[in-house]
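# Chains, contacts and geometry: an overview
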Amino acid sequence: MRTRAIIGETNTWRRVLAVAGLAVSLAHGQGGRPEPKIGYLYPAGACRGTTIEVLAGGQALKDVKQVRVSGQGVTARVIRTYRGVRNLNGEQRQMLQWRIACRRAEIHGRKAPPAPEIPEGPDGKPAKQFQLPEMPFLDMLDHLDAEGIEHWTTVMQRKDRMQQNNQLGELVRIELHVAEDAPQGMREIRFGGPQGLTSPMRFEISGLPEHREVEPNEAPESDRAAATIPCVFNGQIQAGDVDIFRFRARRDDRVVVRGEARSLIPYLADAVPGWFQMVVTIRDPEGNEIAYGDDYRFDPDPALCFRAPEDGEYTLEVRDSIYRGREDFVYRVHIGGFPFITSIFPLGGSEGETTSAEVRGWNLPTDKIRLDTRGGGPPVRYRRVYGKDGPSNRIPYAVDNLKRTMETEPNEDSDHAHAVGFPRIVEGRIEKPGDVDVFRIEGKRGMDLVVEVLARRLRSPLDAVLHVADERGRVLAWNDDLMEKDGHLHLGDGLLTHHADPRVRVKLPADGPYFIRVADTQSHGSPAHAYRLRISGIQPDFELRVTPSVVNAAAGAHVPVRVHALRGGGFDGEIRLSLANAPPGFNLSGARIAAGSNGTRMTITIPVQNTKGTFPLLLTGIARSGDQTIERTAQPADDTMQAFLWRHLQPAEEWLVCVAPGQGKRPALDLATKLPLRINAGASAEVRVRAQKWIVDRGIEPELNEAPEGISVSSARRVPDGFAFDVKADASVPTGLDTNLIIDLIVSGKPGKSGKRAQRSLISHLPALPIVIDASIAP
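Numbers given to residues run from 1 along each chain, matching the order in which its sequence is written. For a predicted model such as this one, the threshold for reporting local features is a pLDDT of at least 70, and the threshold for listing and counting side-chain atom pairs is 80 or more; totals across whole chains, interfaces and linings nevertheless cover every residue. Side-chain measures were taken over the full set of non-hydrogen atoms in the model, leaving aside hydrogen atoms and water.

## A closer look at the overall build of the chain
Comment: elements are numbered from the N terminus, with helices defined as DSSP H or I runs of at least four residues and strands as E runs of at least two. Secondary structure summary: the chain contains five helices and 61 strands in total. Radius of gyration means the value over C-alpha atoms here, while the globule rule gives 2.2 Å times the residue count to the 0.38 power. A globule of 779 residues ought to have a C-alpha radius of gyration of about 28 Å, and the chain, at 30 Å, matches this closely. Along the first, second and third principal axes, the C-alpha set of the chain runs to 95 × 85 × 40 Å. The rule is simple: take the accessible area with a 1.4 Å probe, protein chains only, and divide by the maximum for that residue type; under 20% is buried, over 50% is exposed, in between is partly exposed. Counting the 779 residues in the chain, one finds 54% classified as buried. Across the chain, every contact between residues at least 6 apart in sequence was considered, and the portion connecting residues at least 24 apart equals 71%. When the accessible surface of the chain is summed, it comes to about 34900 Å², and 47% of that surface belongs to carbon and sulfur atoms. Positive residues here are Lys and Arg, negative ones are Asp and Glu, while His and the chain termini are left out of the count. By convention, the point assigned to a charge is CZ for Arg, NZ for Lys, CD for Glu and CG for Asp. Between the averaged position of the 100 positive side-chain charges in the chain and that of its 101 negative side-chain charges there is a distance of 7 Å. In what follows, residue pairs with any heavy atoms lying within 4.5 Å of each other are defined as contacts. For every accessible area listed, the method is Shrake-Rupley and the probe measures 1.4 Å; residues are considered covered only by the protein chains on display.

If you want it as structure tokens, here you go:
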């Protein structure tokens, strides 16, 4: 619901706003310009000790000036940006073919072909329809060899046949340097310009030789030498495309093939199922298929291992599962004798306890690994092993502060149930198809029992189902998949779409024994089907996510951000929020998540003076439960869409505030009202704002931004030192509502000619306004 009110009139509002640098178009008004966004990077990785060129596609990138890379040992610079390139017309194709023919003639020492007849325009230049747009291919043409020309010619021909995608239409060429000692693994790349930073795009640093596809490469026959493994192949899939790479292997080599596509670009908003679904096929020297993969368990990216039957040249084929394709169908394929972890057991340890885990997989250098359980670390951590060809994949494990018990067999029914105390973590696994694990606890009447399985979140293939029953076998509670609230799927793990971990909470009706049953929903089982069963009373805990991962702001602004709370162990108390490492002048308003709420919107205030640049910040939350204090650091994330519908909180490495020169400055605005604002349902309360006179004179419209149903604002009015307006709660608003209001301040111009709608501009947000619907307040 939106309500707005105007005070003041002036004929010079445009001039004043322009001087102040405040004319920012609203997306819901006349339509604001799109946010700068990276759609893809190609190639999406590089080897240590190399310098490469990377091509990025996206939207609103023409003003990009700098590149920010997370972590150490990698630097980058912008070479050039390109405006959106539309499909070429017939005359432009003719000109491009001539330019390519000239370069080919130069390479082979032949005479250049004659130039086509080009009519002149009124300005004496070639007619407009013959002028080629700026594009990376033309910039590189004079430096390409014969193979490079063939590759780019094929790419341009395919692109010319495709429908234009404006979200990928603007291009940036960057030069990226990776130091010899740069840590391996995923990084985040952001572009910076006058309006701030983009959201991040993933880029991998490897220690292996890197190869890019060279088009055309749809047939296995080629003059190019087969690659030596281990290595990484990089490519892009266009519509109907199949990329073929050749590599050498020796008889009995155990070769691991690990694809990366969805792990590079986790979600595509405008494609089903929401990512590039990569398929890989391995063929032997005679062309026979010997291995195939289109996923790995519930991970869309394929992984497989094959034993080479003979010495020779093998082929790797890469395509989309249904032969789709476009520029952001970017992939990497690691291939070699490096290790790959398929499972570990147990799936974690207790904080401070020495813990070793059994490890299974391919080409492993060991069958045991040590888990880091030192205190103070995150609840989910990662481990690799290292082989002669390089590191393995990362495998997650959990660290908890509860004592652990290892499951003991037989325990398939209540007569043979494994008796455990609680609170406790039970490390178990469904070891074979049809296996069931049953545990017995002694409960007390009125006790709140919370039981949770951690399996899929730790990349176990187990699709667990959980039952809690009394001694007569009556089921008190059961659960299959816990779906998170707050409008997002799987809020706790923004990269997991196959969520399968159950959780139940039940109040025990009597003293006596209770039975907890764990099984697989499809009766599957294997040594890899491991789980952690957490049995406790109400053990208060929570996690936090803050979006967006970058806040682009003007000096003096109050910028809205959203904080999501993931509550655990039955905890539903208040969470206080604060900045842990902010420079002076950065402050939060409305920094509190109310009891029982799954999140809040608040504002971060940017200081007016001496503020420019990018500031990494930490957001922390503190809560109390009895005599226990819980403190957690928020995970930065971005709210992303999958396949037109679903939304996920995609995690990011850093939470950044970028005070960008193109954002200008915002006027000083302070709330002069006692907070929180307490209102009875059906009543209203005044809000006063201290503001400079010229702001009030320009015509202010307070407008609610995503307000709760039944909350509205009245017309604004002039008061000493600023302006005031009323916040009204309808009689239907529930008592106890405890939230923050985000209020935009809008100015409107006069209607244009022919009744054209007046331009509306956002000059600032107010600091977040805490509000409580309180029945004790007199109407």
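## Re the environment of aspartate 697
Its location among the elements puts aspartate 697 in helix α5 (residues 693–697). The exposure class of aspartate 697 is buried, given its relative accessible area of 17%. It is 9.8 Å that separates the C-alpha atoms of aspartate 697 and glycine 722, two residues lying 25 residues apart in sequence.

## Describing the sheet that holds strand β29 (residues 404–406)
For two strands to count as paired, DSSP must find a minimum of two bridges between them. Overall, mixed pairing links the five strands, which are arranged β29-β31-β38-β33-β36 in an open sheet. Two strands close off the open sheet at either side, each with one partner strand: β29 and β36 (503–507). With direction set aside, neighbouring strand axes in the sheet form an average angle of 20°. As paired elements, strand β31 (residues 424–429) and strand β38 (residues 530–536) share six bridges and run antiparallel to each other. Within β38, the position partnered with arginine 429 by the bridge is alanine 530. All axes are obtained by fitting lines to C-alpha atoms, using only the stretch in contact for helices, and the reported angles, taken between N-to-C directions, cover 0 to 180 degrees.

## Regarding the pairing of strand β60 (residues 760–765)
Taken across its six residues, β60 has six buried, putting it largely inside the fold. One ladder, built from five bridges, connects strand β59 (residues 738–748) with β60; its direction is antiparallel. When the bridges of β60 are listed, serine 748 appears paired with arginine 760.

## Let's talk about the side chain of arginine 246
By secondary structure assignment, the location of arginine 246 is in strand β14 (residues 242–249). Of the residues examined, arginine 246 reaches a relative accessible area of 17% and is grouped as buried. For the purposes of these results, a polar contact is taken to be a pair of N or O atoms within 3.5 Å, where, inside protein, one atom must be able to donate a hydrogen and its partner to accept one; residues adjacent in sequence count only when each atom of the pair is a side-chain atom. Polar contacts involving the side chain of arginine 246 include one to the side chain of glutamate 313, which spans 2.5 Å.

## Let's talk about the pairing of strand β39 (residues 541–547)
Residues in a regular strand point their side chains to alternate faces of the sheet. Counting buried residues along β39, five of its seven residues qualify, which places the element largely inside the surrounding structure. Two strands pair when backbone bridges link them, and β39 and strand β41 (residues 558–568) are joined in this way by seven bridges, in the antiparallel orientation. Looking at the pairing, threonine 547 lines up with arginine 562 of β41. In terms of strand pairing, β39 meets strand β49 (residues 635–642) through two bridges, oriented parallel. Across the sheet, the residue bridging to arginine 545 is glutamine 635, located in β49.

## A look at unusual backbone geometry
Residue proline 346 follows phenylalanine 345 across a cis peptide bond; omega there is 0°. Here proline 346 shows up in the loop between β21 (340–345) and β22 (348–350). Backbone torsion omega between phenylalanine 422 and proline 423 reads 15°, so that peptide bond is classified as cis. Positive phi values are uncommon outside glycine, yet phenylalanine 644 reaches one of about 70°. Structurally, phenylalanine 644 is set in the loop between β49 and β50 (646–651). In this structure phenylalanine 644 comes out as exposed when scored by relative accessible area, which is 54%. The backbone phi angle of aspartate 721 is positive, close to 70°, even though this residue is not glycine. Residue aspartate 721 is classed as exposed on the basis of its relative accessible area of 62%.

## With respect to the environment of arginine 173
Considering the arrangement of structural elements, one finds arginine 173 in strand β7 (residues 170–178). Residue arginine 173 is classed as buried on the basis of its relative accessible area, which comes to 10%. Along the sequence, arginine 173 and alanine 225 sit 52 residues apart, while their C-alpha atoms lie 28 Å from each other. Among residues more than four places away in sequence, those in contact with arginine 173 are Glu53, Val54, Leu55, Arg77, Val78, Ile79, Arg80, Tyr82, Pro136, Asp139 and Met140.

## A closer look at the sheet that holds strand β18 (residues 303–307)
Read across the sheet, five strands follow the order β11-β13-β20-β15-β18 without closing on themselves; strand pairing throughout is mixed. The two strands at the open ends of the sheet, each matched to only one other strand, are β11 (210–212) and β18. Taking the axes of each pair of neighbouring strands and ignoring which way they run, one obtains an average angle of 20° across the sheet. Of the strand pairs in this sheet, strand β15 (residues 254–260) and strand β20 (residues 330–336) are connected by five bridges, and their pairing is antiparallel. For valine 256, the partnering residue across the bridge sits in β20 and is glycine 336.

## What about the packing of aromatic side chains?
Only the six-membered ring of Trp is used, alongside the rings of Phe and Tyr, when aromatic pairs are assigned; centres must lie within 6.5 Å, and planes under 30 degrees apart are stacked while those over 60 apart are edge-to-face, with the rest tilted. Applying the stated criterion across every chain yields a total of 12 aromatic pairs. On the basis of an interplanar angle of 85° and a centroid distance of 5.2 Å, the ring pair of tyrosine 296 and phenylalanine 340 is categorised as edge-to-face. Of this pair, tyrosine 296 sits in the loop between β17 (289–293) and β18 while phenylalanine 340 is found in strand β21, placing the two residues 44 residues apart along the sequence. Of the two residues, tyrosine 296 and phenylalanine 340, neither departs from the other in class, the shared state being buried. What links up through ring pairs into an aromatic cluster is the set Phe233, Phe245, Phe276, Phe329 and Tyr331. In this arrangement the basic side chain of arginine 394 is found over the ring face of tyrosine 382, its NZ or CZ atom lying 3.8 Å from the centre. The rule for a charge over a ring is simple: NZ of Lys or CZ of Arg within 6 Å of the ring centre, and within 35 degrees of the ring normal.

## As for the environment of arginine 592
Positionally, arginine 592 belongs in strand β44 (residues 592–593). What makes arginine 592 partly exposed here is its relative accessible area of 24%. The spatial distance from the C-alpha of arginine 592 to the C-alpha of aspartate 738 is 10.0 Å, given a sequence separation of 146 residues. Leave out the neighbours within four places in its chain, and arginine 592 touches Glu574, Ile575, Arg576, Leu577, Thr600, Asp738 and Asn740. In terms of polar contacts, arginine 592 uses its side chain to reach the side chain of glutamate 574, at 2.4 Å.

## Thoughts on the confidence of the model for the chain
pLDDT gives the predictor's per-residue confidence on a scale running from 0 to 100. Here the chain shows a mean pLDDT of 88. Residues at 70 or above account for 90%. Predicted confidence for residues 1–32 stays below pLDDT 50, and this span has 94 contacts to residues more than four positions away or in other chains. Segment residues 485–491: pLDDT under 50, and 27 contacts once partners within four positions in sequence are set aside and those in other chains are kept.

## Side note on a nonpolar patch on the surface
Patch definition: residues with relative accessible area over 30% and no salt bridge; like charges joined within 9 Å; nonpolar side chains (Val, Leu, Ile, Met, Phe, Trp, Tyr) joined within 5 Å. In the sections that follow, a salt bridge refers to a side-chain nitrogen of Lys or Arg positioned within 4 Å of a carboxyl oxygen of Asp or Glu. A cluster of nonpolar side chains, Val272, Phe644, Leu645 and Trp646, forms an exposed patch at the surface whose accessible area comes to about 450 Å². Considering the arrangement of structural elements, one finds tryptophan 646 in strand β50. We classify tryptophan 646 as partly exposed; its relative accessible area is 38%.

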